[in-house]
Amino acid sequence: MSETLRKMSFEAIVIGGGGAGMRAALQLTESGLKTACITKVFPTRSHTVSAQGGITCAIASHDPNDDWRWHMYDTVKGSDYIGDQDAIEYMCSVGPQAVFELDHMGLPFSRFENGRIYQRPFGGQSKEFGEGGQAARTCAAADRTGHALLHALYQGNLKGGTTFLNEWYAVDLVENDDGDVVGVVAICIETGETVYIEAKATVLATGGAGRIYQSTTNAHINTGDGIGMALRMGLPAQDMEMWQFHPTGIAGAGTLVTEGCRGEGGYLINKDGERFMERYAPNAKDLAGRDVVARSMVMEILEGRGCGEKGDHVFLKLDHLGEEVLESRLPGICELSRTFAHADPVVEPIPVVPTCHYMMGGLPTNIGGQVLYPESESESRVVEGLYACGEVACVSVHGANRLGGNSLLDLVVFGRACGLQIEKSMSEGFESKAATQANLDKAMARLHKLNSSEGGESISAVREELQKIMQLYFGVFREGESMQKGLQLLRDLKSKIDNLHLRDKSGAFNTDRIEALELQNLFEVAFATAVAAEERKESRGAHARNDFTERDDENWLKHSIYYPQDERVGKRDVNFKPATLDAFPPKVRTY
Amino acid sequence: MVRAVTSFGRSGLYDWLMQRVSAVVLTLYTVFIVAYILANPQLTYAQWSGLFDITAMRIFSLMALLSLGAHVWIGLWSVSTDYIKPMGIRFVFQLLTGAAMFAYTVWGIQLLWGL
Amino acid sequence: MLNVSVYRYHPEQDQKPYMQDFQVDTGGKDLMVLDVLFLLKEQDSTLTFRRSCREGVCGSDGMSINGVNGLACITPLSDCVKNGKLVLRPLPALPVIRDLVIDMDQFYQNYERIKPFLQNDKPAPAIERLQSPEERAKLDGLYECILCACCSTACPSFWWNPDKFVGPSGLLQAYRFLADSRDTATEERLAELDDPFSVFRCHGIMNCVNVCPKGLNPTKAIGHIRNMLLSRGT
């Protein structure tokens with residue numbers, strides 16, 4: 001089927017209005033390029049708003065001698081050595097500038113007495129390359145840093161005059177005859193109109209996909225739209241097996257309780273009241289890497305020391321910090337806990353359980369955010385016209401496990417870098433071939449199929465099934481046989497995904513249609529996760545296997561690359577060549 | 001900044017302050033008059049007329065009268081901008097209110113000073 | 001079983017809005033109103049509402065819940081259901097796009113009108129602009145606004161003059177920048193607000209304070225703005 005779509009033209013478009021997208025949009029707008037930010041929710045409703053604890057960065061406020069190289073060391077170690085060291089070096093060294101820019105934009109950071117930005121300790125932070133004890137490097141605005149950051153960025157964009165297409169949903173990327181990306185087909189949700197938004201540079205800043213799991217800290221909108229679009233275009237995704245389970249999601253509700261609680265002095269206890277992290281991580285204790293803490297919690301629960309009637313969670317104890325500290329440093333947590341756990345942290349502990357939180361994997365990119373197509377373990381080519389930043393991208397600064405506070409830094413540093421790279425490309429006169437009708441028809445195919453569905457599967461039922469499979473077979477602990485079973489169930493589910501029934505065919509604000517499109521993206525992400533997880537036969541970072549309990553540097557000190565055409569997993573070299581210092585070699589990772 | 005050419009002082013702050021100051025004057029005046037009547041249960045016309053022969057009382061009354069004019073004008077202008085949406089009707093209402101308040105004020109002055 | 005009555009309107013199909021009744025099995029649990037909406041959407045996938053974070057920080061799901069504006073995701077049934085009945089309507093005062101989804105353009109325009117961004121006429125230093133904890137404390141209770149529009153749409157002054165009265169949410173943000181020690185545009189900001197509508201249409205009835213899901217106090221912020229205008233004007 002062929003139809004003429006209305007066309008809107010920009011030099012650059014950013015898909016996603018969260019932290020990364022708005023930072024990129026701001027950079028592009030300031031550079032004078034005709035830019036639009038396309039976002040499926042009003043920008044301040046993006047998931048960045050839920051980030052709590054802070055943005056980790058060596059701004060040397062808490063400790064005047066702090067050094068970005070220490071931050072880099074922590075991040076490399078946290079990544080279990082499959083973070084790319086050139087990218088981590090870039091993030092940690094450019095970070096302070098990006099954070100100061102946020103302050104100048106108006107972000108209301110909390111403050112120390114001397115007027116500088118308040119920093120709190122977070123998990124996995126050290127001084128002197130792990131030798132100098134716990135560092136306090138996470139810049140915070142109480143426990144609402146993400147909210148403050150997202151609003152500051154939106155405000156910065158209002159000041160700069162960025163064009164926003166609010167409540168527009170990107171359906172699929174448009175690829176020209178050369179294989180370059182030349183924009184996106186998008187739906188104006190309010191009217192239902194489908195439009196081709198043409199651009200020489202398309203930035204994916206679509207965030208994560210935590211909704212592939214049943215229990216997640218992620219917003220309903222985190223459906224991996226960017227990954228889905230890229231995979232459908234045939235582009236590979238990297239390290240998709242690496243999913244972070246945040247140690248402290250509120251049991252039952254899944255809402256996040258910041259690591260900052262433990263940074264401020266809170267700790268986890270089992271049903272005997274024992275501070276069990278002392279056994280698993282004698283030095284860092286509750287501030288070990290998130291993967292380590294999450295696994296320790298699950299071990300406690302599996303060994304019968306969980307709390308509550310069913311023994312299915314542990315407690316986060318905060319009451320000893322006192323009401324004043326809690327109300328000034330962690331006011332949002334007190335509010336969330338009272339609402340969702342019916343527990344007042346001032347007097348009683350919060351029931352918590354490891355909950356899906358963050359996708360370390362994503363589309364492989366270089367430091368400038370250009371999406372890469374890895375052609376062999378050591379060689380990649382740039383996908384022209386396509387960029388990615390934030391959670392959807394895998395630069396990779398988080399490797400197999402992200403440190404708390406590094407995601408917000410990732411957003412602003414690489415959102416900015418993306419903008420700078422596009423500015424450079426455009427000034428060098430980058431041009432791409434216009435899309436043909438055939439190119440557009442291809443991008444419209446999925447939407448057409450859905451719009452003409454006469455019967456089939458219920459969207460909410462299939463989504464629930466998908467989430468159950470992922471929760472059951474690809475959780476905190478994984479095992480080959482059960483993953484194969486999960487993978488088979490996903491293969492069976494594929495036919496249902498291809499046969500969704502869109503009941504509501506109308507135009508205006510049709511959330512039924514959007515949810516169906518989102519579900520297909522969730523499935524793409526889930527399937528890539530499952531294939532990659534089954535393939536990586538070792539335990540590293542967040543990927544913990546009962547049948548391969550050790551890290552295998554000989555075979556797997558590599559990125560995994562999921563190629564969607566043949567559902568195959570390849571490997572890609574990790575970068576060990578930072579520009580200004582020697583690489584940190586892999587060591588045994590203990591806290 | 002919203003332009004409003006028909007408001008009393010054409011400044012939000014001025015109108016707001018005037019509304020409060022006039023309210024204070026009207027309160028004091030009301031309290032005084034009520035107290036005076038209660039204190040003089042057998043009030044005669046001569047007594048009442050004598051009260052208004054005192055210059056201070058006339059000034060006080062004039063203040064109250066002007067306050068009433070301003071207060072009503074600001075208040076009804078607000079009401080008209082809230083509830084009357086058609087521009088023509090609203091303008092006529094504001095015109096009538098203004099005219100009425102002007103008439104009452106002039107009439108009041110005439111009564112007080114008996115010109 | 002919970003009886004739920006929901007405002008329905010589809011611009012392409014309905015001449016006028018109507019209330020539709022549903023019965024929902026809550027399993028005896030004290031669900032949040034948003035969870036109930038998900039159950040309804042399973043029954044009827046055409047039911048339309050906004051949602052995102054489901055934890056009260058994104059501000060998507062503001063609606064009128066048994067007559068009181070609030071966020072569906074953090075309003076438990078035990079707080080709002082009376083006589084076993086739940087009535088859900090879109091936030092009042094703004095045009096309805098479909099079902100519980102309103103057109104928030106006017107609300108956002110009012111936000112933009114107060115220039116909600118930091119303005120400082122001095123060149124930025126190489127590090128952050130210093131601010132004492134006391135100066136920073138002045139922003140507490142202001143910066144937390146999530147732009148859900150519960151307050152402004154509960155305000156009669158906003159109902160009557162949505163294009164002229166900034167409304168509680170916008171004014172809270174206006175004061176957030178007036179109170180920021182890093183902002184130097186105080187005079188320009190105040191000059192923009194000194195008309196009979198922008199600020200002074202607030203009559204202090206405090207509906208905004210009553211409904212704010214974040215426990216903020218726009219009336220108090222408006223009072224601060226008025227005092228700043230007063231000390232500037234006298």
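Residues numbered from 1 in each chain as written. Chains lettered and ligands numbered in written order. Predicted model: local features only at pLDDT ≥ 70, side-chain atom pairs only at ≥ 80, totals over all residues. Heavy atoms only, no water.

As for the interface of chain A and chain C
Filter applied, for reference: Whether two residues are in contact is decided by their heavy atoms, any of which lying within 4.5 Å being enough. What counts as buried area is the accessible surface, traced by a 1.4 Å probe, that two parts surrender upon association, with contributions from both included. Salt bridges are defined by distance alone: a side-chain nitrogen of Lys or Arg within 4 Å of a carboxyl oxygen of Asp or Glu. In protein, a polar contact requires one atom able to donate a hydrogen and another able to accept it; more generally it is a pair of N or O atoms within 3.5 Å, and residues adjacent in sequence count only if both atoms are side-chain atoms. Helix and strand definitions follow DSSP, with helices as H or I runs of at least four residues and strands as E runs of at least two, each counted in order from the N terminus. Note on residue classes: Ala, Val, Leu, Ile, Met, Phe, Trp, Tyr, Cys and Pro are nonpolar, Asp, Glu, Lys and Arg are charged, and everything else, Gly too, is polar.
At the interface, 63 residues of chain A touch 64 residues of chain C. Note on chain A versus chain C: buried area summed over both sides is about 4900 Å², and carbon and sulfur give 51% of it. It is Arg45, His104 and His220 of chain A that lose the most area in chain A upon contact with chain C, and together they represent 14% of the buried surface on that side. Linking chain A to chain C there are eight salt bridges. For Arg116 of chain A, the salt bridge is made with Glu128 of chain C, and the minimal N-O distance between the two is 2.9 Å. Summed over the shared surface of chain A and chain C, the result is 36 residue pairs in polar contact (both at pLDDT 80 or more). Counting residues per element, the side of chain A that touches chain C draws most heavily on helix α4 (residues 145-160) of chain A, which supplies seven residues. Here the side of chain A that touches chain C is composed, by residue class, of 23 nonpolar, 23 polar and 17 charged.

Quick word on the sheet that holds strand β4 (residues 68-71) of chain C
Residues and elements named next belong to chain C. The line we're drawing: Strand pairing follows a simple DSSP-based rule, namely that at least 2 bridges must link the two strands. Axes here mean lines fitted to C-alpha atoms, for a helix over just the part in contact, with angles spanning 0 to 180 degrees between N-to-C directions.
The sheet built from five strands is open, its strands ordered β2-β1-β5-β3-β4 with mixed pairing. Two strands bound the open sheet, and with one partner strand each, they are β2 (18-24) and β4. Here the average twist between neighbouring strands, direction ignored, is 30 degrees. Pairing between strand β1 (residues 2-8) and β2: seven bridges, direction antiparallel.

Some thoughts on helix α13 (residues 459-473) of chain A
Residues and elements named next belong to chain A. Put simply, the test is: Any helix carries an expected span of 1.5 Å times its number of residues minus one. Each residue's exposure class comes from its accessible area (1.4 Å probe, protein chains only) as a fraction of the maximum for that residue type: buried when under 20%, exposed when over 50%, partly exposed otherwise. Taking the helix axis as origin, the arc is that swept by the directions to the C-beta atoms.
Its 15 residues place the ends of α13 21 Å apart at the C-alpha level, agreeing with the 21 Å of an ideal helix rising 1.5 Å per residue. For α13, the full list of buried residues reads Ile459, Val462, Leu466, Gln467, Ile469, Met470 and Tyr473. All buried residues of α13 lie within an arc of 160 degrees about the axis, which places them on one face of the element. If you follow the buried residues of α13, they end up packed against β19 (477-478), α14 (480-497) and α15 (511-535).

Describing the environment of Ala25 of chain A
Assignment of secondary structure puts Ala25 of chain A in helix α1 (residues 19-30). Spatially, the C-alpha atom of Ala25 of chain A lies 7.3 Å from that of Ala36 of chain A, the residues being eleven residues apart in sequence.

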